[in-house]
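# A look at the structure
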Amino acid sequence: MKKEDVILSLGNDWARLKELLDSSLCSDVPLLNDINASLLLNGGKMLRPMLTLFFAKLCGGSPLPEESIQAAASVELLHNATLLHDDVADNAATRRGNPTVLSQYGAVPAVLVGDFWLARAVGLLVHSSHLYWMVDICSRTLIDLAEGEMLQQQKAFSSDTTSEDYLRIIYGKTASLFETACKMGAVSVSADEAIVAAAGTYGNALGMAFQIRDDILDYTGGEEIGKPVGIDLLEQKITLPLLGALENSGDDGSIRKMIHSIPEHPEYCAEIRKFVIDNGGVEYAENMVGRYVSDAVSALGAFAPSKDREILEYLALSSANREK
């Protein structure tokens with residue numbers, strides 16, 4: 001199965017989503033309108049809104065109500081708003097292989113464009129017949145995202161990230177939004193609480209696997225992944241491959257001291273990367289990806305067999321095992 005086949009299975013609902021995103025980001029401020037158009041043109045995989053639509057279909061059938069399309073668009077807008085803000089926090093020059101708004105226009109426009117996208121995301125939920133649920137889910141996710149990023153910043157300063165810290169960080173910064181995307185799809189078609197919870201379990205597990213895979217690629221990927229390899233180490237982020245290598249080797253103190261000194265000694269990155277590869281850190285993280293993928297697929301057992309359920313299983317397997 002290919003991504004094109006997945007999108008085809010969404011039929012006109014996918015086109016409705018794209019149209020709503022386009023119309024939601026229109027502005028009579030030329031600079032804002034131009035930046036929005038460029039961001040849409042160079043968008044990512046749109047996996048999160050895809051999950052929203054598939055869970056809405058899985059729970060309610062097709063064609064989908066407008067509320068499901070609005071929920072999916074809101075998820076995509078929220079995701080990209082956080083990326084715009086993250087690029088400022090990380091001083092990132094590229095995103096998805098393209099120059100960031102930060103690098104092209106500066107920090108102020110990048111933050112303001114992110115705010116605009118966030119406001120549009122919330123605005124799409126205002127007319128939902130499930131307003132309380134939608135706002136509650138969305139606001140909880142924004143808290144999780146902020147806490148996850150702040151904890152990561154804190155731990156980068158101290159270089160004392162534990163496995164428990166790491167899992168909390170990646171839940172907050174990544175898995176929480178996957179969970180929200182899936183739950184909002186189910187809520188948009190009035191699924192009962194048990195089904196919404198199962199959708200959230202799938203999204204949580206997939207999000208955890210997705211972020212761990214991303215962290216693996218920072219050690220093993222090439223330029224095709226859309227960001228420089230080793231950027232996490234340069235930012236003093238201790239991720240699961242490194243935590244696994246530390247556990248396997250028993251050498252904790254000296255490596256952490258090197259990580260703490262990276263701002264003054266960026267050449268340490270190559271040595272630490274070799275340490276991770278040589279001590280089985282990648283394999284350690286790969287095993288954890290497999291566990292989370294298994295959890296995601298198991299969560300789909302709450303839903304009746306269908307083509308949509310098969311596609312969600314495929315998305316879990318392919319997204320978590322991607323090479324870029």
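So, a few notes on the structure that sits alongside this text. Here, residues in each chain are numbered from 1, in the same order as that chain's written sequence. In keeping with the model being predicted, local features are shown solely for residues with a pLDDT of at least 70 and side-chain atom pairs are shown and tallied solely at 80 or more, while totals for entire chains, interfaces and linings include all residues. The basis for the side-chain values is all heavy atoms of the structure; hydrogens and waters are excluded.

What follows is about the packing of helix 12 (residues 240-249) against helix 13 (residues 253-260). Here, axes are lines fitted to C-alpha atoms. For helices the fit covers the stretch in contact, and angles between N-to-C directions go from 0 to 180 degrees. The way it works is that DSSP assigns letters per residue, a run of H or I at least four long becomes a helix, a run of E at least two long becomes a strand, and they are numbered from the N terminus. Put simply, helix 12 and helix 13 touch, their axes get as near as 10 Å, and they point 150° apart. Here helix 13 runs roughly antiparallel to helix 12, going by the angle between their axes. Note on element contacts: helix 13 touches helix 12 through Ile255, Arg256 and Ile259, opposite Leu242, Leu243 and Leu246. Asp, Glu, Lys and Arg are counted as charged, while Ala, Val, Leu, Ile, Met, Phe, Trp, Tyr, Cys and Pro are counted as nonpolar; the rest, among them Gly, fall into the polar class. Here the residues of the contact of helix 12 with helix 13 sort into five nonpolar, no polar and one charged. An angle below 35 degrees is treated as roughly parallel, one above 145 as roughly antiparallel, one from 65 to 115 as roughly perpendicular, and anything else as oblique. Whether two residues are in contact is decided by their heavy atoms: any pair within 4.5 Å suffices.

Before going further, it helps to examine the state of the cysteines. When the sulfur atoms of two cysteines come within 2.5 Å, that pair is taken as a disulfide. Under the criterion given, the structure shown has zero disulfides. Free cysteine: cysteine 182, not disulfide-bonded; nearest cysteine sulfur from cysteine 59 at 10.0 Å. Relative accessible area serves as the criterion here: at 0%, cysteine 182 is assigned to the buried category. Each residue is assigned to one of three classes by its accessible area relative to the maximum for its type, calculated with a 1.4 Å probe on protein chains only: buried under 20%, partly exposed between the two thresholds, exposed over 50%.

Listed as buried for helix 13 are Ile255, Arg256, Met258 and Ile259. Each buried residue of helix 13 lies within a common arc of 155° when the element is viewed along its axis, so the set occupies one face. In the core, the buried residues of helix 13 are packed alongside helix 12 and helix 14 (268-278). Here the arc refers to the directions that run from the helix axis out to each C-beta atom.

Side-chain pairs of opposite charge can arise whenever the charged atoms involved come near each other. Between Lys or Arg on one side and Asp or Glu on the other, a salt bridge is scored when a side-chain nitrogen of the former is within 4 Å of a carboxyl oxygen of the latter. Following the criterion strictly, the structure yields 15 salt bridges and no others. Salt-bridge contacts for lysine 155 lead to aspartate 160; the nearest nitrogen and oxygen are separated by 3.3 Å. Among the ionic pairs, aspartate 165 bridges to lysine 155, the shortest N-O distance being 3.4 Å. Residue aspartate 165 is found in helix 9 (residues 163-188), and its partner lysine 155 is found in helix 8 (residues 131-158); the two are separated by 10 residues along the sequence. Grouping residues by exposure puts aspartate 165 and lysine 155 together as buried. What emerges from the salt-bridge pattern is a single network uniting Arg140, Asp144, Glu147 and Arg168.

A few words now on a nonpolar patch on the surface. To count toward a patch, a residue needs a relative accessible area over 30% and no salt bridge; like charges are then connected within 9 Å, while nonpolar side chains (Val, Leu, Ile, Met, Phe, Trp, Tyr) are connected within 5 Å. Shrake-Rupley sampling with a 1.4 Å probe provides the accessible areas, and residues are treated as covered by the protein chains on show and by no other component. Together, Val29, Leu31 and Tyr105 give the surface a local cluster of nonpolar side chains, amounting to about 270 Å² of exposed area. Looking at where leucine 31 falls in the secondary structure, it is placed in helix 3 (residues 30-41). On the accessibility criterion, leucine 31 (45% relative accessible area) is partly exposed.

A few words on the side chain of glutamate 76. Tracing the backbone shows glutamate 76 in helix 5 (residues 66-90). The charge count treats Lys and Arg as positive and Asp and Glu as negative. His and the chain ends do not count. Here glutamate 76 is buried and forms no salt bridge, its nearest opposite-charge partner arginine 96 lying at an N-O distance of 5.0 Å.

How far a helix is expected to stretch is found by multiplying one less than its residue total by 1.5 Å. For helix 2 (residues 12-24), which comprises 13 residues, the first-to-last C-alpha distance of 18 Å matches the rise-based estimate of 18 Å (1.5 Å per residue) to within 8%. Here helix 2 has its buried residues at Asp13, Trp14, Leu17, Leu20, Leu21 and Ser24. Buried residues in helix 2, looked at end-on, bunch into an arc of 125°, giving them a common side. What points out from helix 2, more than 90 degrees from its buried face, is the exposed set Asn12 and Glu19. The inward-facing, buried residues of helix 2 contact helix 1 (3-10), helix 3, helix 4 (47-60), helix 5 and helix 7 (107-123).

Turning to the packing of helix 1 against helix 16 (residues 307-320), a few remarks are in order. Viewed as axis vectors pointing N to C, helix 1 and helix 16 meet at an angle of 145°, and their least axial separation amounts to 11 Å. In this structure, helix 1 crosses over helix 16, and the sense of that crossing is left-handed. Residue-level inspection shows Lys3, Val6 and Ser9 of helix 1 in contact with helix 16, the latter providing Ile311, Tyr314 and Leu315. Across the contact of helix 1 with helix 16, the residue classes tally to four nonpolar, one polar and one charged. Here is the rule for handedness: rotate from the far helix to the near one, and if that takes an anticlockwise turn smaller than a right angle the crossing is left-handed, while a clockwise turn gives right-handed.

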